[in-house]
Amino acid sequence: MTESADLLNGHLPPASDQPARDRILSDLDTNMLVEAGAGSGKTTSLVGRMHALVARGEPVEHIAAVTFTRKAASELKERFQLKLEAELRNGDAHSDARRYCDRALRDLDRAFLGTIHAFCARILREHPLELGLDPSFSELSEEDWAELTRSFWSRWLERCKRSDDGALDELSALGIDARQLFDGFGKMMQFQDVEFPLQETGKPDNAPCRKQLEALLARARNLMPRDEPPDGWDSLMSLIKRLEYLRRAADWNRLEMFCAAVELINKSGCAIVQKRWSSDVEVRQSAKNLCTDFLALFNGEIKALLTCWREHRYPAVMRFLKRAANAFERERHETGMLGFKDLLLLSARLLRERPRVRDALGQRYRRLLVDEFQDTDPLQAEVCFLLASESSEGNDWRRVRPRAGGIFLVGDPKQSIYRFRRADIQIYELAKSRLTECGTVLALTRNFRSAPPVGEFVNRYFGAIFPESASDVQAAFTPMQCVNQLTHSDGVSEYWVRPPKANKTAIIDTDSAQVASWIAERLATGRYAAGDFLVLTGNRHPVGAYARALAERNVSVITTGAKLPQEIELTELLVILKAIADPDNPVAVVAALE
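Small disclaimer: the values here were computed from a predicted structure and weren't measured. (Residues numbered from 1 in each chain as written. Predicted model: local features only at pLDDT ≥ 70, side-chain atom pairs only at ≥ 80, totals over all residues. Heavy atoms only, no water.)

### Concerning the confidence of the model for the chain
Applicable threshold: Per-residue confidence from the prediction method is given by pLDDT, with values spanning 0 to 100. Whether two residues are in contact is decided by their heavy atoms: any pair within 4.5 Å suffices.
Put simply, the chain has an average pLDDT of 89, and 94% of its residues get 70 or more. For the stretch residues 1–14, pLDDT sits under 50, and the model shows 24 contacts to residues farther than four places along the chain or on other chains.

### Quick word on the pattern of salt bridges
Note the following rule: For this analysis, a salt bridge means a side-chain nitrogen from Lys or Arg found within 4 Å of a carboxyl oxygen belonging to Asp or Glu. The helix and strand labels rest on DSSP assignments: H or I over at least four residues marks a helix, E over at least two residues marks a strand, and numbering proceeds from the N terminus.
Scanning the model with the defined rule gives 38 salt bridges in all. Glutamate 35 is the partner of lysine 432 in a salt bridge, and the nearest nitrogen-oxygen pair spans 3.1 Å. With lysine 432 in helix H18 (residues 425–438) and glutamate 35 in strand S1 (residues 32–36), this pair connects stretches of sequence that are 397 residues apart. With a shortest N-O distance of 3.1 Å, glutamate 139 and arginine 125 are connected by a salt bridge. Residue glutamate 139 is located in strand S4 (residues 138–139), and its partner arginine 125 is located in helix H6 (residues 116–126); the two are separated by 14 residues in the primary sequence.

### A short note on a nonpolar patch on the surface
This is how the line gets drawn: Grouping into patches uses exposed residues only, defined as over 30% relative accessible area, and leaves out salt-bridged ones; the cut-off is 9 Å for like charges and 5 Å for nonpolar side chains (Val, Leu, Ile, Met, Phe, Trp, Tyr). Computed by Shrake-Rupley with a 1.4 Å probe, the accessible areas treat only the displayed protein chains as cover when residues are assessed.
Together, Leu570, Leu573, Leu574, Ile576, Leu577 and Ile580 line one region of the surface with nonpolar side chains, adding up to about 580 Å² of accessible area. By secondary structure assignment, the location of leucine 573 is in helix H22 (residues 565–581).

### Focus on the pairing of strand S6 (residues 367–370)
Cut-off, in case you're wondering: For every residue, the accessible area obtained with a 1.4 Å probe (protein chains only) is divided by the maximum for its type, and the residue is called buried under 20%, exposed over 50%, and partly exposed between those limits. When DSSP locates at least two bridges between a pair of strands, those strands are taken to pair. When the strands point away from the viewer, a crossover counts as right-handed if the path from the first strand over the helix to the second runs clockwise.
The side-chain alternation of S6 yields two buried faces, one formed by Arg367 and Leu369 and the other by Leu368 and Val370. Where S6 and strand S7 (residues 407–411) come together, three bridges link them in parallel fashion. Across the sheet, residue leucine 368 finds its bridge partner in S7, namely isoleucine 407. Between S6 and its parallel partner S7, the chain crosses via helix H17 (residues 378–387), and the hand of that crossover is right-handed.

### Describing the state of the cysteines
Put plainly, a disulfide is one covalent bond tying together the sulfur atoms of two cysteines. In plain terms, the rule: Any two cysteine sulfur atoms within 2.5 Å of one another count as a disulfide.
On inspection of all chains with the given rule, the structure shows zero disulfides. Cysteine 120 provides the cysteine sulfur closest to cysteine 384, a residue in no disulfide bond, and the two sulfurs are 7.9 Å apart. The exposure class assigned to cysteine 384 is buried, which follows from its relative accessible area of 3%.

### Quick look at the nonpolar core
Definition in use: Here, the term nonpolar core denotes a set of buried Ala, Val, Leu, Ile, Met, Phe, Trp, Tyr and Cys residues that are joined through side-chain atoms within 4.5 Å.
Among the nonpolar cores identified, the biggest contains 61 residues, and Trp153, Leu213, Phe294 and Phe320 are the most heavily contacted of them. Elements supplying a minimum of two residues to this core: helix H7 (142–162), helix H8 (166–173), helix H9 (182–190), helix H10 (207–223), helix H11 (235–249), helix H12 (255–262) and helix H14 (281–335). Among residues more than four places away in sequence, those in contact with tryptophan 153 are Ala178, Arg179, Leu181, Phe182, Phe185, Phe320, Leu321 and Ala324. Residues Ala348, Leu351, Leu409 and Ala431 belong to the second largest nonpolar core, which totals 43 residues.

### Here's the deal with the side chain of asparagine 447
Where we set the bar: Pairs of N or O atoms within 3.5 Å make up the polar contacts considered here, provided that, within protein, one atom can donate a hydrogen while the other can accept it, and that residues adjacent in sequence are counted only when both atoms are side-chain atoms.
Take asparagine 447: it is sitting in strand S9 (residues 446–447). Here asparagine 447 falls in the buried class, since its relative accessible area comes to 4%. Polar contacts involving the side chain of asparagine 447 include one to the main-chain carbonyl oxygen of alanine 38, which spans 2.8 Å. Polar contacts involving the side chain of asparagine 447 include one to the main-chain amide nitrogen of serine 450, which spans 2.7 Å. Apart from the residues within four sequence positions on either side, asparagine 447 is in contact with Ala38, Gly39, Ser40, Met480, Gln481, Cys482, Val483 and Asn484.

### Thoughts on the packing of aromatic side chains
Quick reminder of the rule: Centres within 6.5 Å make a pair out of two Phe, Tyr or Trp rings, where for Trp the six-membered ring is used; the pair is then stacked when the planes are under 30 degrees apart, edge-to-face when over 60, and tilted otherwise. Two limits define a charge over a ring: the Lys NZ or Arg CZ must be within 6 Å of the ring centre, and within 35 degrees of the ring normal.
On inspection of all chains with the given rule, the structure shows 18 aromatic pairs. When the ring of tryptophan 153 is compared with that of phenylalanine 182, the centres are 6.3 Å apart and the planes differ by 55 degrees; the resulting orientation is tilted. Here tryptophan 153 is found in helix H7, whereas its partner phenylalanine 182 is found in helix H9, with 29 residues between them in sequence. This pair shows no difference in class: tryptophan 153 is buried, exactly as phenylalanine 182 is. Centroid distance tryptophan 153 to phenylalanine 320: 6.2 Å. Interplanar angle 80 degrees. Geometry classified as edge-to-face. Within this pair, whereas tryptophan 153 is found in helix H7, its partner phenylalanine 320 is found in helix H14, the two being separated by 167 residues in sequence. The pair formed by tryptophan 153 and phenylalanine 320 is uniform in burial state, with each residue classed as buried. Taken together, the ring pairs in this structure connect Trp145, Phe152, Trp153, Trp156, Phe182, Phe185, Phe320 and Phe328 into an aromatic cluster. One cation-aromatic arrangement involves arginine 125 over phenylalanine 137; the distance from NZ or CZ to the ring centre is 4.0 Å. One cation-aromatic arrangement involves arginine 332 over phenylalanine 328; the distance from NZ or CZ to the ring centre is 4.5 Å.

### Quick look at the environment of serine 74
If you trace the backbone, serine 74 turns up in helix H4 (residues 70–90). Taking the C-alpha atoms as reference points, serine 74 and glycine 114, 40 residues apart in sequence, are found 7.4 Å from one another.

### Quick word on the packing of helix H3 (residues 42–55) against H4
Just so we agree on the cut-off: Axis definition: a line fitted to C-alpha atoms, limited for helices to the stretch in contact. Angles are taken between N-to-C directions and run from 0 to 180 degrees. Here the word oblique covers every angle except those under 35 degrees (roughly parallel), over 145 (roughly antiparallel) and from 65 to 115 (roughly perpendicular). Rotating anticlockwise by less than a right angle from the far helix to the near helix defines a left-handed crossing, while the corresponding clockwise rotation defines a right-handed one. Amino acid classes used here: Ala, Val, Leu, Ile, Met, Phe, Trp, Tyr, Cys and Pro are nonpolar; Asp, Glu, Lys and Arg are charged; the rest, including Gly, are polar.
Taken N-terminus to C-terminus, the directions of H3 and H4 make an angle of 50 degrees; their axes are 10 Å apart at the nearest point. Looking at the two axes, H3 sits oblique to H4. In this structure, H3 meets H4 at a crossing whose hand is right-handed. Taken together, the residues of H4 that come into contact with H3 (itself represented by Thr43, Thr44, Leu46, Val47, Met50, His51 and Val54) are Leu76, Arg79, Phe80, Lys83, Leu84 and Glu87. Classifying every residue of the contact of H3 with H4 gives seven nonpolar, three polar and three charged.

Below is the structure:
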């Protein structure tokens, strides 16, 4: 069998990546990006490098290990502590390494091991005055942030109304009720560091579109039955009746009213049921032709008109939202109430604009280790690279050269799935390019979690989907090299589900019962623990059914991506308890009342 065939089948020799693993623990003064897939022991390598740094004499307070969830941070800290304790138990009693590890264990609280947001909060609390921050600022939870955002938006609109803000008149003339812009405001707050370009465009001419639409409505009036059919109006009939009403009730000479009417037209709204139009063959054919002409108008003149109309309205909307965002930012800073994005923005600004602070922080946290780097957005990457480099390198994180051994990144580009949060694979590839120039890139290819048949199944399936070479939007395929020994029960199996009814709910209920029973039977043998099993679903909606089925069989379960009813109830209880504990906090009280 060739090496490539071995690779696809998940059976490469287990020592294939050992040099990379050894280098992580020995080459401590080289910046590294380690590409490591699921089950490859990346956390073990991260902890191992931290231990190696301490054993060589690096003070533990110079280490900052950043993860992206509190759970991962807690696990990392626990494993690092266990590693240090193992050195004390098993190491040479007279060695420098044991002495350094003993010191690190006693000073463990002086190291930073936590999330990127917690890290940013720490450095801001150490240097608040440089940015004019209240040293006792509060870090808002996601729930508190959502409530504060909604509260500010209401107060902002009221303030604009009281002051007769001209922007409200401008929006009204464009057919926009400012109250409808809250979701847009939320999106702008999500991407506070993004500059939205504005380009003024003229008003579109709606006359050609209006002429065609009114001609179609005239044809429709002659074709539609006077009374509602027994089976009800079909989609096109309902659309026509709505448009006819709007034509009478609104002034279509006003561009904003006409555009508001045609925004109701879509592809599904043009569908017809011919028998509801008439029993006459010719009328049915005319109705079909009418449907075709409506679709042609929708795909042509209407789409073009609405595109130009939205482009014309866009600058006015964005100016209004930007003013609101700036006012909200000032309010948060004055009151010392910061969200997660604020922590990142202010930390990046601190490192960019205060070179002495940046160098001081760089000296304190000389060793920055970042897990799950594929989940990093531009702001987080900027904080990491600026902190790991001297201020003399400049302020562009994409060009700075980190200190020797100053940054150690671990990530899996195949798991870069948070583009909607701006954790784009291009950010990962840019960091990879930088560390290729001023460090090294290593790969951990062995998988210690899965059995070879699972590796073979995954490699065969994803090898046909992922590209051979990385692109701007997709990582290259990297096969799993499973090293676990095969047991009699390992493998990939298929089974059939025969629900009592042929619908999605019945399928999920039947399958969840089968899967839960199968897991419960194996737990009863005593050879497995509940944590040995993982149930994946195509989306989050069926998760509750599988969790309930497992709970009914006394199998402990943890869900990710979807909440159990009990979790929702506990969250609501916590909101109430927060209000009781701090009745003077208006955000907590309003959240409890809702």
